[in-house]
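Notes for the structure review
As a plain string of letters, each chain reads:
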Amino acid sequence: MEKEGGKSVPVTAVVTEPRFTQRCREYLEKQELLDRQHRAEKMPDGTVALPVLGETFPQQHLQELRNRVAPGSTCKLTLLLDPVPSKKARICSPAQKLCLEVRRWVEGRGMTWSAEMEDDLPRSWQRHGNLLLLSEDSFQAKQWENLEPELWEIVASALGVQRLAKRGRVLPDGTRTPAVSLLLGDHGWVEHMDNGIRYKFDVTQCMFSFGNITEKLRVASLSCAGEVLVDLYAGIGYFTLPFLVHAGAAFVHACEWNPCAVVALRNNLEINGVADRCQIHLGDNRTLKLSNIADRVNLGLIPSSEEGWPIACQVLRQDAGGILHIHQNVESFPGKNVYLPRSSQMERQHYYPQKTITNKRENGATGNFRGEMLSPPVKPEWQRWAESASTQIASLLQQVHGKPWKTQILHIQLVKSYAPHVDHVVLDLECRPCLVNG
């Protein structure tokens, strides 16, 4: 075991003569006292030291070793000041290392290690530089309360970080504020590099989803040169930045009502060199004063962005329309998913009142990159939701602009599985004003 800075922690060991080593090892294994993370060591006087778990070794086990297991042996205790890791320890997973080191530390404090405590250790986490974000379902047992705050120093040392935070449930406050507690360290600011883009944010105030990487890569692959984009739920710049840095959008209007996220967004625009091509609109996007400006609108809010549909229609260019990227959590039901071939499902157009017009696209330069992104077959539930959204938005567009519009499903992209039988998908919907025959 190593503490921060590489300093070894002494390990207790049972010392016995070479001829009794195997008997003692078998006994210690049976009693679950043998430390498998450190090698047995040969001492200067020829005896062998067997590392054991815990800083204190019960006297009754020493008596048992001397009197019954290995009669005639000395079997005494020593302290290995610079223990040598075993081969197993050098290849064990971070989760295994965490378990072993926390257990050693707990038992060294005279406490009994339990199966409940072992089951309560995290098996996965998010790493942000020297800060580790633990899952909300870890360290919930009451036994841990008496071990804080020293416990967090042991956990951080075992996992090779300097700061720790623990995730809670996202607060239902409209801004999706993460309920994250800082366990070790004096601040929660981190930096993450994603597809060549730098994101800085405070993990205790702002969300960052690694699961959205496929959609961020897809956005980055779009051709948005010369386009004006409105990002209705910008956050710290999850999609605003890929649109600017990689997709080549001429200008982005980024809407966000979480002040903490806006601080991070402003900083991220600066450090990525695109601040001059973005205007931040702080506040509720439903009161946004923009209109007739956007070639493209991103609606990256789950479980649903439906409240933002009217404003998305409002900001689209009246003369040419544009494309909406609509995020949604869609329920799917096991055993009922008959997948549709993509050739039969995508190219549908609607205008309001609802009517199928044609299956032929009128605009090939839509930024639809299906050929470049691997995507699973579309589930019927996704298709039904997309068709319903297409119809509703055609109706909204007519209400907002006072003339008929047609909508066309370009693509449905799976982002991630959000929960059992719930899929986070994105609908690319092309929206164009109908030509008026005169």
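This write-up is about the structure you can find in this document. Quick caveat: nothing in here was measured; it's all calculated off a predicted structure. Throughout, a residue's number is its position along its own chain's written sequence, starting from 1. Thresholds applied to this predicted model are a pLDDT of at least 70 for local features of residues and 80 or more for the giving and counting of side-chain atom pairs; totals over whole chains, interfaces and linings are not thresholded and use all residues. As a convention, hydrogens and water are excluded, and side-chain values are obtained from all of the structure's heavy atoms.

Okay, the packing of aromatic side chains next. To pair, rings of Phe, Tyr and Trp, with the six-membered ring standing in for Trp, must have centres within 6.5 Å; the planes then decide the type, stacked if under 30 degrees apart, edge-to-face if over 60, and tilted in the middle. Within this structure, the stated rule accounts for three aromatic pairs. Judged by centre distance (6.2 Å) and plane angle (70°), the ring pair of Trp113 and Trp144 falls under edge-to-face. With a gap of 31 residues between them, Trp113 in the loop between helix 4 (94-108) and helix 5 (115-119) and Trp144 in the loop between strand 6 (131-134) and helix 6 (150-159) connect regions that are remote in the sequence. Judged by centre distance (5.1 Å) and plane angle (85°), the rings of Phe139 and Trp152 are edge-to-face. Highlighted residues: Phe139 in the loop between strand 6 and helix 6 and Trp152 in helix 6, separated in sequence by 13 residues. Across the pair, Trp152 and Phe139 agree in class, each one buried. These aromatic residues form a ring-pair network of at least three members: Trp113, Phe139, Trp144 and Trp152. Only Lys NZ and Arg CZ are tested; either one counts as a charge over a ring when it is within 6 Å of the ring centre and within 35 degrees of the ring normal. Above the face of the Tyr199 ring, Lys216 is positioned so that its terminal group lies 5.2 Å from the ring centre. Here a helix means four or more residues in a row that DSSP labels H or I, a strand means two or more in a row labelled E, and each is numbered from the N terminus. To sort residues, take the accessible area from a 1.4 Å probe on protein chains only and compare it with the maximum for the residue type: under 20% means buried, over 50% means exposed, and anything in between is partly exposed.

Here we come to unusual backbone geometry. The omega torsion across Glu148 and Pro149 is 0°, close enough to zero to call that bond cis. A cis amide bond links Ile302 with the next residue in sequence, Pro303, at an omega value of 15°. With respect to the helices and strands, the residue Pro303 is situated in the loop between strand 14 (296-299) and helix 10 (309-315). A positive phi angle, near 55°, is found at Asn195, a position not held by glycine. Residue position: Asn195 is located in the loop between strand 9 (189-194) and strand 10 (197-202). Under the relative-accessibility criterion, Asn195 is labelled partly exposed at 37%. Here the phi dihedral of His421 falls at roughly 65°; this positive angle occurs in a residue that is not glycine. If you trace the backbone, His421 turns up in the loop between strand 17 (405-419) and strand 18 (422-433).

Here Asn258 shows up in the loop between strand 12 (251-256) and helix 9 (259-271). What qualifies as a polar contact is a pair of N or O atoms within 3.5 Å, subject to a donor-acceptor requirement within protein and to the restriction that residues adjacent in sequence count only when both atoms come from side chains. In terms of polar contacts, Asn258 uses its side chain to reach the backbone amide nitrogen of Cys260, at 3.0 Å.

This brings us to helix 1 (residues 21-30). Listed as buried for helix 1 are Thr21, Cys24, Tyr27 and Leu28. Along the long axis of helix 1, the arc covered by the buried residues comes to 135°, so they all point the same way. Contact partners of the buried residues in helix 1: strand 1 (11-16), strand 3 (48-51) and helix 2 (59-69). Directions drawn from the helix axis to the C-beta atoms are what define this arc. Whether two residues are in contact is decided by their heavy atoms, any of which lying within 4.5 Å being enough.

Moving on, we get to the side chain of Ser86. Inspection of the secondary structure puts Ser86 in the loop between strand 4 (76-80) and helix 3 (87-91). Classification of Ser86 by relative accessible area gives buried; the value is 8%. A distance of 2.6 Å separates a polar atom in the side chain of Ser86 from the backbone oxygen of Arg36. In this structure Ser86 touches Arg36, Gln37, His38 and Arg39, once residues within four positions along its chain are discounted.

Time to look at the layout of surface pockets. Picture a little ball the size of a water molecule; that probe, rolled over the atoms, points out where space is still empty. Put simply, the second largest pocket is a space of about 380 Å³. Whether a set of points on the 1 Å grid over the protein atoms alone is a cavity depends on a 1.4 Å probe fitting there but being unable to get out, while an open set qualifies as a pocket with protein on both sides within 12 Å along at least five of seven lines; lining residues are those with an atom within 4 Å of a point. If you go around the second largest pocket, you meet 17 residues; those closest to its centre are Arg36, Gln37, Lys88, Leu100 and Arg103. Elements supplying a minimum of two residues to the lining of the second largest pocket: helix 1 and helix 4. Considering every element that reaches the lining of the second largest pocket, the biggest residue donor is helix 4, with four residues. Looking at the lining of the second largest pocket residue by residue, the classes come out as eight nonpolar, two polar and seven charged. Grid points are joined across faces, edges and corners, and a volume is the space filled by probe spheres set on the points. Side-chain classes follow a simple rule in which Ala, Val, Leu, Ile, Met, Phe, Trp, Tyr, Cys and Pro form the nonpolar group, Asp, Glu, Lys and Arg form the charged group, and the remainder, Gly included, forms the polar group.

Strand 15 (residues 322-331) sits mainly inside the fold: nine of its 10 residues count as buried. DSSP-based pairing: two strands are paired if at least 2 bridges between them are found. Taken together, the four bridges between strand 14 and strand 15 define a ladder with parallel strand orientation. Each bridged residue has a counterpart across the sheet, and for Val297 the counterpart in strand 15 is Leu324. The crossover handedness rule: strands pointing away from the viewer, path from first strand over the helix to second strand clockwise, crossover right-handed. A crossover links strand 14 with its parallel partner strand 15, the connecting element being helix 10, and its sense is right-handed. Here strand 15 pairs with strand 18 via 10 bridges, running antiparallel. Bridged to Gln328 within strand 18 is Val425.

In the contact formed by helix 1 and helix 2, the axes pass within 11 Å of each other and the chain directions differ by 135°. Relative to helix 2, the element helix 1 is oriented oblique. Both helix 1 and helix 2 take part in a crossing whose hand is right-handed. Residues Arg23, Cys24 and Tyr27 of helix 1 lie in contact with helix 2, whose contacting residues are His61, Glu64, Leu65, Arg68 and Val69. Broken down by class, the residue content of the contact of helix 1 with helix 2 amounts to four nonpolar, one polar and three charged. Axes here refer to lines fitted to C-alpha atoms; in helices the fit is confined to the stretch in contact. Angles between the N-to-C directions go from 0 to 180 degrees. Angles are sorted into four bins: roughly parallel if under 35 degrees, roughly antiparallel if over 145, roughly perpendicular if 65 to 115, and oblique for all others. Should the near helix be turned counterclockwise from the far one by less than a right angle, the crossing is left-handed, whereas a clockwise turn marks it as right-handed.

This next bit is on the sheet that holds strand 3. Within the open sheet, the four strands sit side by side as 2-3-1-4. Their pairing is antiparallel. The open sheet has two edge strands, strand 2 (41-42) and strand 4, and neither has a second partner. Pairing analysis gives two bridges linking strand 2 to strand 3, with the strands arranged antiparallel. Directly across from Glu41, in strand 3, lies its bridge partner Ala49.

To continue, consider the sheet that holds strand 7 (residues 163-166). The strand order across the open sheet built from four strands is 5-6-7-8, with neighbouring strands paired in mixed fashion. The open sheet is flanked by strand 5 (125-128) and strand 8 (181-184), the only strands paired with a single partner. Sheet twist, expressed as the mean angle between neighbouring strand axes with direction ignored, is 25°. The sheet contact formed by strand 5 and strand 6 spans four bridges and is antiparallel. The residue bridging His128 from the neighbouring strand is Leu131, located in strand 6. Helix-sheet contacts for helix 6 involve strand 5, strand 6, strand 7 and strand 8, and the interaxial angle to strand 8 is about 80°.

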